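Residue-level listing of the chains:
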Amino acid sequence: MVKQSLFAGIPDVLDEQKFAHGGNVRRMAEQAGCLPGELLDFSANVNPLGPPPWLGQVVGQALRDVDAYPDPDSHDLLMAAAEAYKVWPTQVLAGNGASELLFSLAGLGGFGRAVIPSPSYVDYARACKAHRLKVVEVPTTDDFKVDFPALGPLLTTPSLVFLCNPNNPTGTTFSSADLREVASMFPQSRFIVDESFAEFLPEDADRLIRNRPSNVVTVLSLTKFFAIPGLRLGLAFGDPDVILRLKQAMPAWSVNTLAQQVGARCLRDRRYAEYTREQTALLRENLASGLRHVPGIKVLPGEANYLLCRVDRVGQDAVPLFERLLAEHRIAIRLCGNYEGLDNSWFRVAVRGEKDNEQLIKAMEAVSGVGRGPVVKRTKRTPALMLQGTSSNAGKSVLAAAFCRIFLQDGYNVAPFKAQNMSLNSFVTDQGGEMGRAQVTQAMACRMKPEVRMNPVLLKPGSDTGSQVIVMGRPVGNMSVTEYVQYKPRAWEAVKTAYDSLANEHDIMVLEGAGSPAEVNLKHHDIVNMAMAEYADARVLLAGDIDRGGVFASMVGTMNLLTPRERDLVEGFLINRFRGDPSLLDPAFGQMFEHTGRPVLGTVPYIQSLGLPEEDSVSFKEGLLPQGEKLAEDQCVEIVVVDLPRISNFNDVDPLFAEPDVRVRVVSDAHDIGTPDAVIIPGSKSTVPDMKALRGAGVAAAVRELSNGGHRTRVVGICGGFQMLGELVDDPYGLESESTRVDGFGLLPVQTTLVPEKTLTRTWGVHAKSGHKVHGYEIHHGQTKPLSDRLRVALRDNEGQPLGFTRADGRVWGTYLHGLFDADEFRRWFIDQLRMDKGLAPLEQVQVRFDLEDAIDHLAGVVREAVCMESVYKALGFSGCCTQASLFYKVGG
């Protein structure tokens, strides 16, 4: 009887969705034959964490004032908005939800038509038609990006342009810089930018609230991010004259007392906002991963709190899916056929809490399986191999990369994972997230693009007792050891979510531990070694560096300090970096087995000139990085790299080590600098303290003398090194020092200001003098500006913006671009400049291609030959997979 009633009413629901929004719970529950509270609503995009915990208290207090009219100026609310978004109170206006503001903006007058990139929010067109504006819908690109070049011809006629960022329903974003450029090109048009879902973006995202052209008005919804849609509250940001006209066009007392008081409290609650961004990103990735395993469903990547999906079967749409989810599971999704440019094969789902998302995935799996064979269930656990070590720098990262490539070569879809990495050597992904360099190399071994799920927690030490904590690619704060221990339960949830979503998409996972699993002072809050191995149900290989000595004692000692459950996870041992005849170790293997009950599964030889980035700075600081074959000393140039106490991203100079005509020295003492052909000051996690340390050690004076004393030495600063070369470094927020202003080395007339917002971006550009293309990434808190007209631009990005500056003579220059020496042609040009300075002929042709593919294949070949892969595959639950392994399973000789 319920089903008859339901299906009889389904057309009514579909007709209603043509013109209305999601979230009409009463109507959908009526059609489903259930109470509204029994319906799981994925059609409305509201914060999955629910309202802030203080909401009831504030509402209760506000009820005391309901016998008086609301403040018509919303004074406290606008002051809170002005403070939160760093604008003047005259530049912001509150409304009864974003919709009221959008409708009022459409009616301000001065335009005869509106331009709307589609698909986009349906109310833009409704608002324009209500005010008799002609609506021109402009298709977006195939991947639903705003096609700004296509807008140009239309905007020769002044128009009202509506844009949504992130876009609803696609979840895609556009570049704020592109919008600023287009808005400046067409000043007679007005651009309405709807940022109703932008609060879900990373905190450092480039928004259009403050840095906004005068013909741009930005609209923001508080009800979605703070889960208060029943209160209705939105904000508009614009120039004071536009805000005044908008206020005059709206009714008095538009925002009620409850909304005003709740809204002001929302805007001052930064902790809730930070936690929402962090958790929503994790929930979204996990939901997307689960839905991608549902047969016939395509899930688009999104950056907000919803996902656009498509029924990816020819001749089918999402209406039957909508019907069955509502009828059989009391789950509502949002059909998207009423969006211009989409049909009913498209649907949108909100990101909800973990249990709700799991229920949706299971329901989708169930309905997708009917009439199409057996239901395909999600795989929650994937075969996993974990590399742990008896110490730091035991070779875990390199061995993990080797196994990634071996599994890939054997036909498996494999991914790397390290729950928590402590390193100043980081990388920026294509999506602007920050992660450890070791997992980037491992991703390359899997032939995958690096992504932050592979390293969900990154710790960047800033002192002996504290670190910057980065979760899922975004900084969440600077914490002391005690503070981070308290935060770890939240970090652990991020780790588990990232691992599950990544493991669901691959055949095999290769995990890496950190330090030693037997560090008894850390085990009670471990999230990266045995706790992670147990969660992933991984088989553990314990690696030890025999080149350091004491490897057998360290392995036996480690096993003795593990709990019985942890010892059960250990499959065997790997002896790493052995020099000599491995048969000499046979007697020790028997004793190892007697003491531990575990075999040695391989002895990996010491590999000279491995050609892979180091996982930490130990080898770099000790001057042990391998250098390739060299020309005669008098045919080489010498480059000194300054070692910094808090050095970061030292891999920037890796390509120089491999060049045949370059000799690299790493120095920390001013007396060791000498008179090299070039000095490179690399990046630093803490520029101000490191700058003071170099000045105190005499290094700054030595470098200044080389650059100004008639020597031929060239000086290059990268990121933090670039900041040090300048005249001043301002730290007004106390990010790195109690001093608000510190003198630089005075080699470049530039001034740097350290700001809380962190720049994280992949960057492509060109070197101004040579014309060679460069590429890399930026990670910095500084904003650097020139102080002299005599300064020249050293590099520009593809948009023409400076990436660094140089003195007029070209002998001192700096840049924020990490990885610029990876570009083979530019690197050769740079070295040839040094050669000519020294009186040597330039080699001109690229001597070494900086490509890790051959190095990874070589590493995999060595490890495959050295390790009993048959035993490894057997431990993972595979059989008959080892066809090339060298089977010397050593147990008792």
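Up top you'll find the structure we're talking about.
Notes on the structure in this doc start here. These figures come from a predicted structure and were not determined experimentally.

**As for the overall build of the protein chain**
Move 1: Counting secondary structure elements, the protein chain contains 29 helices and 38 strands.
Move 2: Taking 2.2 N^0.38 as the reference for a compact globule, 893 residues should give roughly 29 Å; the C-alpha atoms of the protein chain span a radius of gyration of 30 Å, in line with that estimate.
Move 3: For the protein chain, the proportion of its 893 residues judged to be buried stands at 58%.
Move 4: Sequence-distant contacts, at least 24 apart, represent 72% of the contacts inside the protein chain between residues at least 6 apart.
Move 5: Per element, the accessible surface of the protein chain, about 35900 Å² overall, is 50% carbon and sulfur.

**What to know about the sheet that holds strand 20 (residues 466-471)**
Move 1: Read across the sheet, four strands follow the order 16-19-20-21 without closing on themselves; strand pairing throughout is mixed. If you trace the sheet from one side to the other, it starts and ends with strand 16 (420-422) and strand 21 (474-480), each paired once. Across the sheet, the mean angle from the axis of one strand to that of its neighbour is 20°, orientation sign disregarded.
Move 2: Both strand 20 and strand 21 contribute to a ladder of six bridges, which runs antiparallel. Residue pairing across strands places V471 opposite R474, the latter belonging to strand 21.

**So, the environment of D269**
Move 1: Topologically, D269 is positioned in the loop between helix 11 (257-267) and helix 12 (270-292).
Move 2: A C-alpha to C-alpha distance of 36 Å links D269 and G721, two positions 452 residues apart in sequence.
Move 3: In contact with D269, not counting residues within four places along its chain, are P52 and W54.
Move 4: Looking at D269, its side chain comes within polar contact range of the main-chain nitrogen of Y272, at 3.1 Å.

**Comments concerning the sheet that holds strand 24 (residues 570-578)**
Move 1: An order of 15-22-14-23-24-25 is seen for the six strands of this open sheet, with the pairing classed as parallel. Strand pairing shows two members of the sheet lacking a second neighbour, strand 15 (414-417) and strand 25 (600-605), which therefore form its edges. The average undirected angle you get between the axes of adjacent strands in this sheet is 20°.
Move 2: Of the strand pairs in this sheet, strand 24 and strand 25 are connected by four bridges, and their pairing is parallel. Its bridge partner lying in strand 25, L574 is registered against G602.
Move 3: Sheet contacts for helix 15 (residues 396-409): strand 14 (384-389), strand 15, strand 22 (508-512), strand 23 (539-545), strand 24 and strand 25; angle to strand 14, the most-contacted strand, approximately 160°.
Move 4: Relative to the sheet, helix 17 (residues 481-503) contacts strand 14, strand 15 and strand 22, its axis offset from that of strand 15 by approximately 170°.

**A few points about the packing of helix 15 against helix 16 (residues 437-445)**
Move 1: It is the contact of helix 15 with helix 16, at a shortest axis distance of 8 Å, that shows an interaxial angle of 20°. Our classification of the angle between helix 15 and helix 16 gives roughly parallel. Two packed elements cross with a definite hand, and for helix 15 against helix 16 that hand is right-handed. On the side of helix 15, the interface is formed by S397, A400, A401, C404, R405 and L408, while helix 16 contributes A438, Q442, M444 and A445.

**A closer look at unusual backbone geometry**
Move 1: Residue P119 is bonded to the preceding S118 through a cis peptide linkage, with omega at 5°.
Move 2: Among the structural elements, P119 can be located in the loop between strand 3 (113-118) and helix 6 (122-130).
Move 3: Each neighbour pair has its own omega, and for N165 with P166 the value is 0°, a cis peptide bond.
Move 4: Within the secondary structure, P166 is located in the loop between strand 5 (160-164) and helix 8 (176-185).
Move 5: Of note in the backbone geometry, M472 takes a positive phi value of approximately 50° without being a glycine.
Move 6: Even without being a glycine, D537 presents a positive backbone phi close to 55°.
Move 7: Within the element layout of this structure, D537 appears in the loop between helix 18 (530-536) and strand 23.
Move 8: Taking relative accessible area as the criterion, D537 reaches 51% and is therefore assigned exposed.

**Observations concerning the packing of aromatic side chains**
Move 1: Scanning the entire structure with this criterion turns up 27 aromatic pairs.
Move 2: Plain terms: the ring middles of W813 and F826 are 6.4 Å apart, the flat faces sit at 80° to each other, and that makes the pair edge-to-face. Of this pair, W813 sits in strand 38 (residues 812-815) while F826 sits in helix 27 (residues 824-837), placing them 13 residues apart in sequence. One exposure class covers both W813 and F826, and it is buried.
Move 3: Of the aromatic side chains, those joined through ring pairs into one cluster are F403, F407, Y412, Y873 and F878.
Move 4: Geometry around F42 places R352 over its ring, the cationic atom sitting 5.6 Å from the centre.
Move 5: Taking the ring centre of Y606 as reference, the NZ or CZ of R579 above it sits at 3.7 Å.

**Quick notes on helix 12**
For an α-helix the count is 3.6 residues per turn, leaving residues at separations of three or four pointing the same way.
Move 1: In this model helix 12 runs 33 Å from its N-terminal to its C-terminal C-alpha over 23 residues, within 8% of the 33 Å that 1.5 Å per residue would give.
Move 2: Between the side-chain oxygen at the start of helix 12 and the backbone nitrogen of R271 there is a gap of 3.5 Å, and the oxygen is on D269.

**As for the nonpolar core**
Move 1: Counting residues in each nonpolar core, the largest one holds 97 residues, and the members touching the most others are F403, F407, F417 and M532.
Move 2: Residue contacts for M532: discarding those within four places in its chain leaves M386, F417, A419, W492, V495, Y499, L511 and I527.
Move 3: Membership of the second largest hydrophobic core comes to 60 residues, among which are F657, V699, L748 and L834.

**Examining the environment of Q91**
Move 1: The residue Q91 is located in the loop between helix 4 (75-85) and strand 2 (92-95) in this model.
Move 2: Residues Q91 and I209, 118 residues apart in the sequence, show an inter-C-alpha distance of 9.6 Å.
Move 3: Setting aside chain neighbours within four positions, we find Q91 in contact with R212, A236, F237, G238, P240 and I243.

**Thoughts on the pattern of salt bridges**
Move 1: As enumerated under the stated definition, the model contains 48 salt bridges in all.
Move 2: Of the charged contacts, one joins R453 and E505 as a salt bridge, the two residues approaching to 3.1 Å between their closest N and O atoms. Pair noted here: R453 is in the loop between helix 16 and strand 19 (457-461) and E505 is in the loop between helix 17 and strand 22, with a separation of 52 residues, a long-range link.
Move 3: Given the relative accessible area of 24%, E505 is considered partly exposed.
Move 4: Across the pair R811 and D837 runs a salt bridge, and its minimum N-O distance is 3.2 Å. Of the two residues, R811 sits in the loop between strand 37 (802-806) and strand 38 while D837 sits in helix 27, which places them 26 residues apart along the sequence.
Move 5: Taking relative accessible area as the criterion, R811 reaches 18% and is therefore assigned buried.
Move 6: The class of D837 is partly exposed, set by a relative accessible area of 26%.
Move 7: The network of salt bridges with shared partners includes E659, D661, D824, E825, R827, R828, D832, R835 and R849.

**Overview of the side chain of E778**
Move 1: Its location among the elements puts E778 in strand 35 (residues 773-786).
Move 2: No salt bridge is formed by the buried E778, whose closest oppositely charged neighbour, R762, lies at an N-O distance of 10 Å.
Move 3: Separated by 3.0 Å, the side chains of E778 and H780 make a polar contact.
Move 4: Non-local contacts of E778, meaning those with residues more than four positions away in its chain, are made with V428, T759, L760, T761, T763, L803 and Y816.

Each value, and the rule that gives it
Residues numbered from 1 in each chain as written. Predicted model: local features only at pLDDT ≥ 70, side-chain atom pairs only at ≥ 80, totals over all residues. Heavy atoms only, no water. Helix = DSSP H or I, 4+ residues; strand = E, 2+ residues; numbered from the N terminus. Rg over C-alpha atoms; globule rule 2.2 N^0.38 Å. Buried < 20%, exposed > 50% of the residue type's maximum accessible area, 1.4 Å probe, protein only. Contact = heavy atoms within 4.5 Å. Areas by Shrake-Rupley, 256 points an atom, 1.4 Å probe, with all protein chains shown as cover. Pairing = 2+ DSSP bridges. Axes fitted to C-alpha atoms, helices over the stretch in contact; angles between N-to-C directions. Polar contact = N/O pair within 3.5 Å; in protein donor to acceptor, adjacent residues only side chain to side chain. Parallel < 35°, antiparallel > 145°, perpendicular 65-115°, else oblique. Left-handed = near helix turned anticlockwise from the far one by under 90°. Phe/Tyr/Trp six-rings, centres within 6.5 Å; stacked < 30°, edge-to-face > 60°. Lys NZ or Arg CZ within 6 Å of the ring centre and 35° of its normal. Expected span 1.5 Å × (residues − 1). Core = buried A, V, L, I, M, F, W, Y, C linked by side-chain atoms within 4.5 Å. Salt bridge = Lys/Arg side-chain N within 4 Å of Asp/Glu carboxyl O. Lys, Arg positive; Asp, Glu negative; His and termini not counted.

In short, geometric facts, not functional conclusions.
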